[in-house]
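Here is how the chains run, residue by residue.
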Amino acid sequence: MTPDYTIASAPGKVLLTGGYLVLEQAFTGLVIGTSARFYTVIKPENTGAAGTLTVRSPQFEQATWQYKTTAYSDQLEFKSITTESSNKFVETCLKFTLQIILERNGAEQMNQLLNNGIQVTIVGDNDFYSQRAQLQVNHLPNTADALALLHPFCKTHATLSSVHKTGLGSSAALTTSLVAALLLYFKVVDKSLDNNNKVLIHNVAQFVHCFAQGKVGSGFDVSSAVWGSHRYKRFNPTILAPIMALDARNQSWDNDVTPFRLPPGFRLMLADIDAGSHTPTLVGKVLAWKKSKPEEADALWDELGTYNSLVEQHFRQLAAYHEQDAELYNDTLNQCSKLKYNEWHTVSGFVAEELVALANDANHVRSLLRKMSDLSNVPIEPKEQTHLLDECANVPGVAMAVVPGAGGYDAIVCIVLSEEAKKGVCLVWESWKELSVGPLLSEEDFQGVTSVALDNVPGLSAVLTP
Ligand SMILES: Nc1ncnc2c1ncn2[C@@H]1O[C@H](COP(=O)(O)OP(=O)(O)O)[C@@H](O)[C@H]1O
Ligand SMILES: C[C@@](O)(CCOP(=O)(O)OP(=O)(O)O)CC(=O)O
């Protein structure tokens with residue numbers, strides 16, 4: 001008999017606009033979901049001990065954790081059995097999500113579905129972790145073509161604490177996929193994962209993620225793991241005080257998710273920069289400067305907020321033009337994809353005008369981020385990144401090249417109009433010497449959390465046998 005698998009998947013993210021500003025409820029950020037996703041697979045054991053949860057992350061060394069849980073009416077007994085290593089995110093997820101499930105379904109159902117224990121397998125697509133070592137071992141260059149040759153979910157030969165992450169938000173995607181898989185397995189949500197289901201998954205995952213990381217951030221990473229690409233406005237952080245807030249019927253959550261996706265023909269490209277930056281340090285320094293120079297900072301925040309919104313509006317307008325006149329739209333994209341952005345004004349028509357406005361306003365966002373760097377003395381768009389972004393922006397067909405999220409030396413993102421433009425940007429990355437640029441394979445995946453079948457995910461069944 002084929003084992004009964006419950007699988008939930010959640011995407012990684014790129015914060016295209018709104019870094020720092022999204023920490024405040026007055027501003028929004030555009031977040032794009034990636035095709036790089038996390039998968040959590042739950043399988044009931046046949047002969048295991050009652051209440052035993054065995055969690056494995058087969059891409060990592062020392063990454064099996066066992067827990068024991070028993071439900072007594074409304075009380076949950078939960079303890080970790082493994083002593084050699086621990087995983088704060090996994091443990092917090094299990095503990096709080098099981099508590100919610102118990103409150104919903106009662107002890108009898110929970111104990112019955114844990115009768116012989118369950119096995120939980122967690123994997124993330126290769127893009128979440130730097131594959132530089134893996135490529136070297138296989139004598140492969142650090143190019144997109146070489147990355148595509150690696151096995152799905154390949155081993156990192158590292159532990160979770162030593163692995164080099166690429167900044168797609170592994171903990172948020174892991175938390176969201178694990179919360180969703182547990183809620184699916186215990187039938188608190190169903191495979192449709194409708195809006196109500198997603199609200200519950202979001203609220204639980206947001207709480208768990210904040211609890212495990214020990215602070216309440218802006219939460220855009222969990223939000224995109226649940227909702228995919230969207231315009232994000234944060235929740236009021238005080239909402240997370242009582243655990244009661246997790247209930248999907250709780251009206252106090254005031255976060256706002258406005259659907260968004262890149263217009264047709266626009267492609268997302270990502271690269272991981274080996275130098276790396278420590279996001280909490282950048283955030284701490286920027287916020288300290290903002291506190292010391294409130295007037296200067298507030299004016300900059302307002303201007304950035306305005307231009308971030310303009311970038312969003314241009315994207316939306318372009319999508320509307322596609323609806324209105326697909327032929328003109330495709331023709332204009334085709335022409336512009338062969339020209340540098342500063343030549344787009346030579347193409348006639350309202351679609352080209354909108355593209356010009358997009359490129360100009362995206363450039364202005366970049367100049368404001370550089371101003372933020374200068375005023376705060378924090379390397380948000382450091383000069384090495386400026387050189388690289390300028391070179392990318394000069395490739396024909398590139399609409400936008402920016403440092404995502406908190407910026408620094410972590411990553412860059414380009415939005416391009418054609419496959420040809422994509423190749424042009426790849427060539428820049430491959431030949432770049434000033435920084436080590438590692439292309440990622442991710443594209444946009446605007447969907448958030450999903451319930452998936454094993455056969456639809458290449459390479460997933462291969463990681464299920466210990
Ligand atoms: N494949 C995985 N399996 C289990 N836990 C994981 C996995 N990937 C990431 N994590 C959890 O997420 C933590 C990393 O979180 P963090 O440092 O905030 O990185 P990120 O910025 O990618 O979210 C790890 O210590 C681990 O607890
Ligand atoms: C500064 C920020 O607004 C955005 C940081 O975005 P990143 O995408 O850089 O985040 P990490 O995955 O933690 O590196 C802080 C926040 O919103 O939490």
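In every chain, residue numbers begin from 1 and rise along the written sequence. The lettering of chains begins at A and the numbering of ligands begins at 1, in the order of writing. Residues qualify for local features only when their pLDDT is at least 70, as the model is predicted, and side-chain atom pairs are given and counted only at 80 or more; totals for whole chains, interfaces and linings, by contrast, use all residues. Side-chain descriptors were evaluated using all non-hydrogen atoms of the structure, hydrogens and water having been removed beforehand.

**Here's the deal with the pairing of strand β1 (residues 6-17)**
Worth spelling out the cut-off: The buried label applies to any residue whose accessible area, calculated with a 1.4 Å probe on protein chains only, is under 20% of its type's maximum; exposed applies above 50%, and partly exposed to all values in between. Working definition: helices are DSSP H or I runs of at least four residues, strands are E runs of at least two. Numbering for both runs from the N terminus. Note on pairing: two strands pair once DSSP finds at least 2 bridges between them.
The element β1 is largely enclosed, with a buried count of 12 among its 12 residues. Pairing geometry for β1 and strand β2 (residues 29-44), over 10 bridges, is antiparallel. Of the residues in β2, the one forming a bridge with Ser9 is Tyr39. Here β1 pairs with strand β13 (residues 450-451) via two bridges, running antiparallel. From the neighbouring strand, Ala8 faces β13, where its bridge partner is Ser451.

**Quick word on the site of ligand 2**
The criterion, for reference: For each residue, the test is whether any non-hydrogen atom lies within 4 Å of the molecule or strand; if one does, the residue is near. Here a polar contact means two N or O atoms within 3.5 Å. Within protein one must be a hydrogen donor candidate and the other an acceptor candidate, and residues neighboring in sequence count only if both atoms are side-chain atoms. Methods summary: accessible areas were calculated by the Shrake-Rupley approach with a probe of 1.4 Å, and residue burial reflects only the protein chains presented. In this count, Pro and Cys sit with the nonpolar residues alongside Ala, Val, Leu, Ile, Met, Phe, Trp and Tyr, while Asp, Glu, Lys and Arg are called charged and the others, Gly among them, polar. Residue ranges labeled as domains rest on an automatic or database domain assignment.
Lining the immediate surroundings of ligand 2 are 13 residues, of which Lys13, Tyr20, Ser218, Thr279 and Ala406 lie closest. A distance of 2.8 Å is found between an oxygen atom of ligand 2 and a backbone nitrogen or oxygen belonging to Tyr20. Protein coverage of the free-state accessible area of ligand 2, which is 460 Å², stands at 79%. Elements supplying a minimum of two residues to the shell around ligand 2: β1 and α7 (279-292). Among the residues forming the shell around ligand 2, the class breakdown is seven nonpolar, five polar and one charged. Split by domain, the residues of the shell around ligand 2 number at least three in each of domain 1 (6-261 + 446-463) and domain 2 (267-439).

**Notes on the domain arrangement of the protein chain**
Heads up, the condition is: Between two residues, a contact is recorded if the distance between any of their heavy atoms is within 4.5 Å. Two parts lose some accessible area (1.4 Å probe) when they are put together, and adding that loss for both gives the buried area.
Taken as a whole, the protein chain is organised into domain 1 (6-261 + 446-463) and domain 2 (267-439). The distance between the C-alpha centroids of domain 1 and domain 2 comes to 29 Å. Opposite the 28 residues of domain 1 that make contact, domain 2 presents 33 residues. Of the roughly 2500 Å² buried at the junction of domain 1 and domain 2 (both faces included), carbon and sulfur atoms supply 64%.

**Section: the confidence of the model for the protein chain**
Test applied: Every residue gets a pLDDT, meaning the predictor's confidence in that residue, from 0 to 100.
Per-residue confidence for the protein chain gives a mean pLDDT of 94; residues scoring 70 or more make up 97%. Scored as a whole, the predicted complex attains pTM 0.94, and scored at its interfaces, ipTM 0.98.

**A look at unusual backbone geometry**
For Gln62, which is not a glycine, the phi torsion comes out positive at approximately 50°. Mapped onto the elements, Gln62 comes out in the loop between β3 (52-56) and β4 (64-72). For Ser73, which is not a glycine, the phi torsion comes out positive at approximately 35°. With respect to the helices and strands, the residue Ser73 is situated in the loop between β4 and β5 (75-80).

**What about the sheet that holds strand β11 (residues 411-416)?**
The condition is simple: All axes are obtained by fitting lines to C-alpha atoms, using only the stretch in contact for helices, and the reported angles, taken between N-to-C directions, cover 0 to 180 degrees.
Read from one edge to the other, the open sheet built from four strands follows the order β10-β11-β9-β12, with strand pairing classed as antiparallel. Since the sheet does not close on itself, it has two edges, and those belong to β10 (398-402) and β12 (437-439), each with one partner. For this sheet the average axis-to-axis angle between neighbouring strands, irrespective of direction, equals 25°. The sheet contact formed by β10 and β11 spans four bridges and is antiparallel. Its bridge partner being in β11, Ala401 is matched across the sheet by Cys414.

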